[in-house]
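Residues per chain, in single letters:
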Amino acid sequence: MKTLWVLLKNNFLNTFKINKLLKKKKSKIFLYGFLIASLILYLLGTVTFYAYMASDFLEKYNMLPFLLIIFFILSITMTFTFTLYSAKAGLFNTNDNDMLFSMPIKSNTILMSRLLNLIISNLLMAFFFMLPAIVIYDIKTVVPSTYYLLVFISIILLPVIPTILACLIGYVIARLTAKSNKKNWFEIIISFIFILTIMAGSGYAPTILRHIVNDMELVLKILKYGFYPIYLISKVFLEYDLLSILIFIVINIGIFSLFMFILNRKYKSIILKLGEHKTASNYNITSLKPGSIKKALFKKDLKRYFSSPIYVFNTGFGQVLIFIMVIASFFINQNKIYELLEVNAGQATPFMMLAAMVTFVVFMTDTASASISIEGKNFWILKSLPLEPKKILNSKLLLNLFIALPILLISLIVLKFTFILTFIQLLVLMILAVLSSFMISQFGLLVNLKFPKMDAINDVVVVKQSMSVIIAVILPLVIMFSVVGIYGAFGSSINFNVFISIVLAVFALISIIEHILLNTWGIKRFKEIN
Amino acid sequence: MLKIKHFSKVYGNNTKKAVDDLNLHIKKGEIFGFIGHNGAGKTTTIKSIVGINEITEGEILIDGISVKDNPLECKKKIAYIPDNPDVYMSLTGIGYLNFVADIFGISKEEREELINKYATTFELLPNLGDLISSYSHGMKQKLVVISALIHKPKLLILDEPFVGLDPKASFALKKIMKNLCKEGCSIFFSSHVLEVVEKLCDRVGIIKDGKLVACGELSKIKGDKDLESIFLGINE
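Residues numbered from 1 in each chain as written. Chains lettered and ligands numbered in written order. Predicted model: local features only at pLDDT ≥ 70, side-chain atom pairs only at ≥ 80, totals over all residues.

Caption draft 1: Just the overall build of chain B, in detail. Per the secondary structure count, chain B includes 9 helices and 10 strands. Taken over C-alpha atoms, the radius of gyration comes to 18 Å for chain B, in line with the 18 Å a tight globule of 236 residues would show. Along the first, second and third principal axes, the C-alpha set of chain B runs to 50 × 40 × 30 Å. Put simply, 70% of the contacts in chain B that link residues at least 6 apart link residues at least 24 apart. (Helix = DSSP H or I, 4+ residues; strand = E, 2+ residues; numbered from the N terminus. Rg over C-alpha atoms; globule rule 2.2 N^0.38 Å. Contact = placed C-beta atoms within 7 Å.)

Caption draft 2: Just the overall build of chain A, in detail. Helix and strand content of chain A: 23 helices and 0 strands. Computed over C-alpha atoms, the radius of gyration of chain A comes to 25 Å, within 12% of the 24 Å expected from 2.2 N^0.38 for 530 residues, which places it in the range of a compact globule. By principal-axis analysis of the C-alpha atoms, chain A measures approximately 70 × 70 × 50 Å. Taken across its 530 residues, chain A has 34% of its residues classed as buried. (Buried ≥ 20, exposed ≤ 12 C-beta atoms within 10 Å, placed from the backbone.)

Caption draft 3: Highlighting the environment of I440 of chain A. Structurally, the position occupied by I440 of chain A is in helix α20 (residues 423–450). Non-local contacts of I440 of chain A, meaning those with residues more than four positions away in its chain, are made with V362, F363, D366 and P476 of chain A.

Caption draft 4: Local environment of the interface of chain B and chain A. Counting residues at the interface gives 36 residues for chain B, matched by 29 residues for chain A. Looking at the side of chain B that touches chain A, the elements that each hand over two or more residues are α2 (71–77), α3 (93–104) and α4 (108–121) of chain B. It is α3 of chain B that contributes the most residues to the side of chain B that touches chain A, 6 residues altogether. Here the side of chain B that touches chain A is composed, by residue class, of 17 nonpolar, 10 polar and 9 charged. (Nonpolar A, V, L, I, M, F, W, Y, C, P; charged D, E, K, R; others polar.)

Caption draft 5: How the structure looks around the environment of I486 of chain A. Its place among the elements puts I486 of chain A in helix α22 (residues 467–490). In sequence terms I486 of chain A and K300 of chain A are 186 residues apart; their C-alpha atoms lie 42 Å from each other.

Caption draft 6: Unusual backbone geometry, seen in detail. Even without being a glycine, I420 of chain A presents a positive backbone phi close to 45°. Turning to its location among the elements, I420 of chain A is positioned in the loop between α19 (389–418) and α20. One non-glycine residue, D209 of chain B, adopts positive backbone phi at about 50°. Along the chain, D209 of chain B turns up in the loop between β9 (203–208) and β10 (211–217).

Caption draft 7: Focus on the sheet that holds β10 of chain B. All names here are of chain B. Pairing within the open sheet is mixed, and its 6 strands lie in the order β6-β7-β8-β3-β9-β10. Edge positions in the sheet fall to β6 (78–81) and β10, since each has one partner strand and no second. Strand after strand, the sheet turns through a mean of 15° between neighbouring axes, direction not considered. Packed onto the sheet, helix α1 (residues 42–49) meets β3 (31–36), β7 (155–159), β8 (186–190) and β9 and runs at close to 150° relative to β7. (Pairing = 2+ DSSP bridges. Axes fitted to C-alpha atoms, helices over the stretch in contact; angles between N-to-C directions.)

Caption draft 8: Examining the pairing of β8 of chain B more closely. Residue and element names in this part refer to chain B. For β8, the buried fraction is high: 5 of the 5 residues fall into the buried class. Of the two faces of β8, the one carrying S186, F188 and S190 and the one carrying I187 and F189 are both buried. Examined bridge by bridge, β3 and β8 share 4 bridges and lie parallel to one another. Opposite F32, over in β8, you have F188 as the bridge partner. The parallel pair β7 and β8 is bridged by helix α6 (residues 167–182), and the resulting crossover is right-handed. (Right-handed = clockwise from strand over helix to strand, strands pointing away.)

Caption draft 9: Seen up close, helix α12 (residues 228–239) of chain A. Residues and elements named next belong to chain A. Here α12 is 12 residues long and its end C-alpha atoms lie 16 Å apart, about the 16 Å a rise of 1.5 Å per residue gives. The buried count for α12 comes to 9 of 12 residues, which makes it a mostly enclosed element. Considered for burial, the residues of α12 that qualify are P229, I230, Y231, L232, I233, S234, K235, V236 and F237. Two residues or fewer after α12 comes Y240, characterised by a positive phi angle close to 50°. (Expected span 1.5 Å × (residues − 1).)

Caption draft 10: Representation of the packing of helix α6 (residues 107–140) of chain A against helix α7 (residues 147–157) of chain A. All names here are of chain A. Close contact between α6 and α7 brings their axes to 10 Å; oriented N to C, the two are set at 155°. In terms of their interaxial angle, α6 and α7 are classed as roughly antiparallel. When you trace α6 past α7, the crossing you get is right-handed. Residues L123, A126, F127, M130, I134 and D138 of α6 lie in contact with α7, whose contacting residues are Y147, V151, I155 and I156. (Parallel < 35°, antiparallel > 145°, perpendicular 65-115°, else oblique. Left-handed = near helix turned anticlockwise from the far one by under 90°.)

Caption draft 11: Structural context of the packing of α6 of chain A against helix α13 (residues 242–274) of chain A. Residues and elements named next belong to chain A. Relative to each other, α6 and α13 sit at 115°, their axes nearing to 9 Å. Between α6 and α13 the crossing geometry is right-handed. Along its contact with α6, which presents S107, N108, L111 and M112, the element α13 presents M260, L263, N264, Y267 and K268. The residue makeup of the contact of α6 with α13, split by class, is 5 nonpolar, 3 polar and 1 charged.

Caption draft 12: A look at the sheet that holds strand β2 (residues 19–26) of chain B. Residues and elements named next belong to chain B. As summarised here, the arrangement of the 4 strands in space is β2-β1-β4-β5, forming an open sheet in which the pairing is antiparallel. Each end of this open sheet is capped by a strand with a single partner; those strands are β2 and β5 (65–66). Relative to β2, strand β1 (residues 2–9) runs antiparallel, the two sharing 5 bridges. Note on β2: the bridge partner recorded for K9 is V19. The sheet contacts of α1 involve β1, β2 and β4 (57–62), and relative to β1 the element is tilted by about 120°.

Caption draft 13: View of α3 of chain B. All names here are of chain B. An ideal rise of 1.5 Å per residue puts 16 Å on 12 residues; α3 measures up with 17 Å between its terminal C-alpha atoms. Most of α3 sits out of view: 10 of its 12 residues are buried. When we look at burial in α3, the residues that qualify are G93, I94, Y96, L97, N98, F99, V100, A101, D102 and I103.

Caption draft 14: Representation of the environment of S373 of chain A. Residue and element names in this part refer to chain A. Locating S373 in the fold gives a position in the loop between α17 (350–364) and α18 (379–384). Along the chain, S373 and S482 lie 109 residues apart, while their C-alpha atoms are 29 Å from each other. Beyond its immediate sequence surroundings of up to four residues, S373 is in contact with N448, P452, K453, M454, A456, V462, S466 and S468.

Caption draft 15: Seen up close, the pairing of β1 of chain B. Both β1 of chain B and β4 of chain B contribute to a ladder of 5 bridges, which runs antiparallel. Looking at β4 of chain B, one finds that L2 of chain B is bridged to I62 of chain B.

Structure (structure tokens):
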């Protein structure tokens, strides 16, 4: 138990760099604290808004108790999705495998610590996501004295099953592709297919909601036979049934113990198997093609990018979405696409929707915010070779533009015909794509230079948990949604052509400022990083 | 070839100097051994010479060029072999060597000849087509050594170069080091293996707590004792 605690504590300190943070000046700690708190408050506000809207809708149909159940289901889906991409790295492919397995620590303690790490981080996310719905439900209805106890137990146990399920699927994917030379590609494709399936499924959410409103009994029956733990949760909050919470506890603890028992028996051999490499060992030098420095750096960065499925998945999702949209535009009629994009809602035109979509896709495709951290222990190579920092940074930007722009620009050309855009509108969208790509990649690089994470134990820590990625992804999206919100509120008084021209001018200005910063502060900062 | 003048290094906001007022001069064609206990300042010095660390005070000159003022020109003359061979796992061995060759602008013929020569010497040629992630520690170390040699450096900087190498590869590296010196290349290397330092070096420097406490020809420093007792005496 003591060892388990030590492992958990060590991982926590390492992930969040607590020791390093505590050694910083008080003013800096305060600044970081303030930034993080502001971000949390903003996100909490957004979740509260949606929870309130949902509660209003359900209240109309006298279905308020379903508020908690809907949020539980959303939390479970989120937990499952997030874990799927961190399970392999978090459970099996960590850099400290050799060190930990050489120590007198039982393998089940190592496994338990890693599994708990996953569950705890999911728990924090679930708690954060559930909190507004819990409070709103309490305010809007009369709850029994056991309400918060039941909520507490449910939330604590909520991430267990989805985390374990995601670990299992993550393992199966890794195992199926372990012996292939193209395993990264398999992993990337399988991951995208999987997440798109979930998204397609969530597209049926309005239908499900209608079913809930129309036939509660049927929904409960489906839950009972298809998703029993959720059925139990429903019983807990619809009827305050204590037996259901007891069964829920037993099921979760049982599944956790069973998973631990089975996985522990093969844990070490699974780690070894996943670490196996296929080698040919029959190389002969034939012809080596020389190339330019720019090309050598770009090729190196490109290979590094595609060698990391989590990096590709985290930054390539927007591109996949737009690609699917283009393919769909060949098969689905125009009205249906308008309906899907809610073009007819309010005063939105296809041009407006596409402008928002282009910005969103580009903002989602920020490879630069992890590009310095992803060098990790290899950073000495770049620093010791006769390379100007500017060339290295440019290569990182080029990779971002290469990932973000080609698919998007081609898609826009195709979508011009689907949405019957004018040539000028197409041109504006393309300029928007290029400008926002320059802006976001430079922003990502600057943030990563400010907050590099060079000692990450795996790519998941860099791509999903590092400060630079969190800031570089969330901040632009927050600004974007705020701008869209402001336009939505005052749109009728501002001409969209004027609005988009202002946006383009602002993006261009920010890009120029970022460019100057990168070539001055950025280069200085690059030299400081070790 | 390498001149270190009053070099000091301070990390971050620390008050203590990791290296304090270091002065050294390595001549052309010389092998210089740099020894010291763990944390004495060897790697800090090496990382500053090769341009990884920034220089807090003083100056480091390579072939008369300042590392601080003209790092790129200096790096073109240097090859660096770190104590831990962390290289790009996503590349193949040949991919990495080609990458380094591209950065140094090595011609097609020359890179083919030198890679072939050194990869054969270190028995790594058959593995060059495999991903580096499949390499053992020693294989990675060999790869880094080959990448350092293919651009014919004027100054070779090695940080614990023999760690992880098998006896045959160690022997080959020592032989290559001697041959390079005969061709006019200077070598600056740190090691804990004092026997190797004794066998290879013309001069040695001993660093303790960031300060150079002894420096000179091996025979003069040693006298009639062995290097180990001198080293232990200094560090007591």
